[in-house]
Amino acid sequence: MKRQMHRIGFSYDWRTEVTTCEPEYYRWNQWFFLRMLERGLAYRKKALLNWCPECGTVLANEQVVDGCCWRHESTPVEQRALEQWFWKITAYTEELLRSIDDQLEGKWPERVMAMQRNWIGRSDGAEVDFTLENSGEPVRVFTTRIDTIYGATCVILAPEHPIAQKLLDETGRGRAKQMVDARAQKGPGDIAKEGFFTGAYAINPFSAARLPVWIGNFVLMDYGTGAIMAVPAHDERDFEFCTHYGLPIVPVIRPVDGVLDENPKAAFTDDGIVENSGEYSGLPSEEARRVMSARALHDGFGEPKITYRLKDWGISRQRYWGTPIPVIHCPKCGVVPVPEKDLPVILPTDVKITGKGRSPLEDVPEFVNVKCPQCGTGARRETDTMDTFVDSSWYFYRYCDPHNDRAPFDPAAVARWFPMDQYIGGVTHAILHLLYSRFFTKFMRDLGLVEIDEPADNMFTQGMVLGADGSAMSKSKGNTVDPEEMIAKYGADTCRLFTLFAAPPEKDMPWIEASVGGQRRFLERVFRFVTRNMDRESPGDPAAGRRALRKLHQIIRKVTEDFDNRWHFNTSIAALMELLNTLFDEESNLSAEALAQILPSLVLMLAPFAPYTAEELWAQLGRTGPVFRQPWPCYDPELAQEEAAEVVVQVNGKLRSRLHVPFGTLEIDLKQSALSDPKVQPFTEGKQVVKVIVIPDKLINIVVR
RNA sequence: GCCCGGGUGGCGAAACCGGCAGACGCAAGGGACUUAAAAUCCCUUUCCUGGAAACGGGAGUGUGGGUUCAAGUCCCACCCCGGGCACCA
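Note that the coordinates shown come from a computational prediction; the quantities given were computed from them, not determined experimentally.

**Student:** Just checking my understanding: could you explain the pairing of strand 5 (residues 78-87) for this structure?
**Tutor:** Regular strands have side chains that alternate between both faces of the sheet. When strand 1 (residues 42-52) meets strand 5, the two strands line up antiparallel, connected through 10 bridges. Paired with Lys45 across the bridge in strand 5 is Gln84. As defined by bridge partners, strand 5 adjoins strand 15 (residues 313-314) across two bridges and the pair is classed as antiparallel. Note on strand 15: the bridge partner recorded for Phe86 is Gly314.

**Student:** In this structure, what is going on with the nonpolar core? I would like to understand it.
**Tutor:** Side chains that are nonpolar tend, in soluble globular proteins, to be buried together. Ranked by internal contacts, the top residues of the largest apolar core, which has 67 residues, are Phe33, Trp87, Trp394, Tyr397 and Met444. Every element with two or more residues in this core is listed here: helix 2 (23-38), strand 5, helix 3 (93-104), helix 4 (110-120), strand 17 (327-330), helix 9 (365-368), helix 11 (395-398) and helix 13 (433-447). Aside from chain neighbours lying at most four places away, what touches Met444 is Phe32, Trp394, Tyr397, Phe409, Leu449 and Val450. One finds Ile556, Leu604, Ala614 and Leu617 within the second-largest nonpolar core, a separate group that totals 37 residues.

**Student:** Even after reading the chapter, I still don't get the packing of aromatic side chains, so can you show me in this structure?
**Tutor:** Any aromatic ring pair is given by two values, namely how distant the centres are and how the planes are angled relative to each other. This model, assessed by the stated rule, comprises 45 aromatic pairs. Note on Tyr320 and Trp321: the rings are 5.9 Å apart at their centroids and 50 degrees apart in plane angle, and the pair reads as tilted. Owing to a relative accessible area of 13%, Tyr320 belongs among the buried residues under this scheme. Classification of Trp321 by relative accessible area gives exposed; the value is 54%. Here Phe460 and Trp567 contribute two aromatic rings whose centre-to-centre distance is 5.1 Å and whose plane-to-plane angle is 55 degrees, an arrangement assigned as tilted. Taken together, the positions of Phe460 in strand 23 (residues 459-461) and Trp567 in the loop between helix 17 (542-566) and helix 18 (569-586) put the pair 107 residues apart, joining distant regions of the chain. Among the residues examined, Phe460 registers a relative accessible area of 16% and is labelled buried. In this structure, Arg27 packs its charged tip against the face of Trp28, placed 4.7 Å from the ring centre. Over the ring of Phe86 we find Lys45; its NZ or CZ atom is 4.6 Å from the centre of that ring.

Rules used in this analysis
Residues numbered from 1 in each chain as written. Chains lettered and ligands numbered in written order. Predicted model: local features only at pLDDT ≥ 70, side-chain atom pairs only at ≥ 80, totals over all residues. Heavy atoms only, no water. Pairing = 2+ DSSP bridges. Helix = DSSP H or I, 4+ residues; strand = E, 2+ residues; numbered from the N terminus. Core = buried A, V, L, I, M, F, W, Y, C linked by side-chain atoms within 4.5 Å. Buried < 20%, exposed > 50% of the residue type's maximum accessible area, 1.4 Å probe, protein only. Contact = heavy atoms within 4.5 Å. Phe/Tyr/Trp six-rings, centres within 6.5 Å; stacked < 30°, edge-to-face > 60°. Lys NZ or Arg CZ within 6 Å of the ring centre and 35° of its normal.

By themselves these figures say nothing about function.
What follows is the structure, given as structure tokens:
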């Protein structure tokens, strides 16, 4: 990979290279872990994970294919509760959301910000307690539509809800467990809505209605409170569920400019006017929500509530390749952090990768068996490793101080460089790396390591190079392109030019080999033009020289602006091709003097795109120093100026003629010439000229009727 | 379903602030040079249409409306493609 980068001519500063799998780097992952632990931001929790009974291991979501294990295609995956380490990214939820608007808006791609907002998934609503009829125990539900609460016809619990476990008998709990496993096998949404009555009833605190309590497979335990009130008249899912089980449908919202539909054929989910809702009847939905949640708070049976979709970051991995989690499990003291002086916990190298799924580190006794740092009894080292996204969450700070062995980095060094002016990456990281590294930055700020809230001022998502078929390259599709092979075949400069020329950098671009040759031809044409003209002595034609120099300065301006503003190097290269076409046209009439200006500028402009060719030509021109160390050519606005303005003449918006006039020609004269133009007259003859729009030096539009 | 992108020739694309649609390149076709081929150079290439030619005319940027002297560009509605999220209450 590094060799490929060298061959293609990338110039990175390798002195600051950081290798995240070296102890020198990952010890600081462990250091950060200990800081998280101190602050209560790292914790252990039982979580539901994908479990393959055949392998006897946890699987990542990506390893579950159609509800079955990727290695045992007929073995359904179960959900199992396992102890895992989590980092509390949710401590920063609101800030992560808010600073998108405050700091990133306008500087980050809309797409990335939208994806992050979407992922964080803020939803404003209320929690309300329904009271169980027998025990008096509250069942808390989350709703965004408290204004529809008079229309609730049942309460539905997630199958794994603790209250459900209490209400159900043995058979019922079995049915509930089946639902949980079934959901693991099929993606949610692909599964038919199913449920059953628990036998219990709960009281609606607003209407005092007695509602049956059901179990529903579509109610999620890990969102909201794991319990909902079903309002079939105003929620599509509830409508489907209640219709299926014959539960009543009670409409309580009418359209603002309509009447209440007493027998709805589908849920009416828009806001409207509240009806049949006691003292709240007649209020618009939005106001009703405000008043009713305030009432719930006041009377102590609920409160306004904001719920987020974002969950804490599970960082435990049962993989070899990752940073060892620096804790020790002691039978007496429990979870004991590895003392800082014992860092780094080194990942052993003599490990058999069994492919068994469980951490291979468990089979390394020298690693696992340790003494408790607190009490000295025999203890076991944590064998899970960290998600590798931990490595990438802060690597860029380390560039400022890559070999620091006392801290992740010197805060002063980072303060000098950060925030990054420009971060570039693929959109595939929009909600992984780009969210984690924002979280990390805020965490590091709270540790006092950085003074900034966001790592990158500007973000740019570049497109991918796709296979010739227009889909992402993958070995299984057989549409991969080997860069080294291409370099060997066409040369590094040609490959660079093609990559830059085919599309603007934010766009995906198929690698169509048939088009690569054009870039090679362009380079050869430049090479020929420069080498055969560098020793020319002929006097040349001054007019040709002026034309060539005008084009040269126009193109310097164009290319410079592309670098400054938009990085649309495809148009920069097109401009250089245009320049070369002009130079070929004028070639035989160019003076040595004109060439002395043209040739070095051309080579300098070529250098960022085709450095090898440019370097060679620079040397052939007898210049010293590497070409990439030379100042960028300047353009002279006067030389770039066209001799005459070309003014387009339109009649009713249609192009009819062009005038060539001195710049600054007066409107009245332009109008005169346009109206008397022989190409224009056939279109104005016999018509009434209503209006003449004149944009000086540019355009005239004659409006006739 | 919701949220982002995007839709322009045979293909990749350009048109940056509402002002000449298709720059630049690929591919294709024709020609010059050559014994021949490669390479190179020249010409044609959005569609329809008039003309022997010179040179014109009309339509055209996913669809339908709108704003404007002028719309690929702005507004409204819709269709299609790509991506993200998704029984999220």
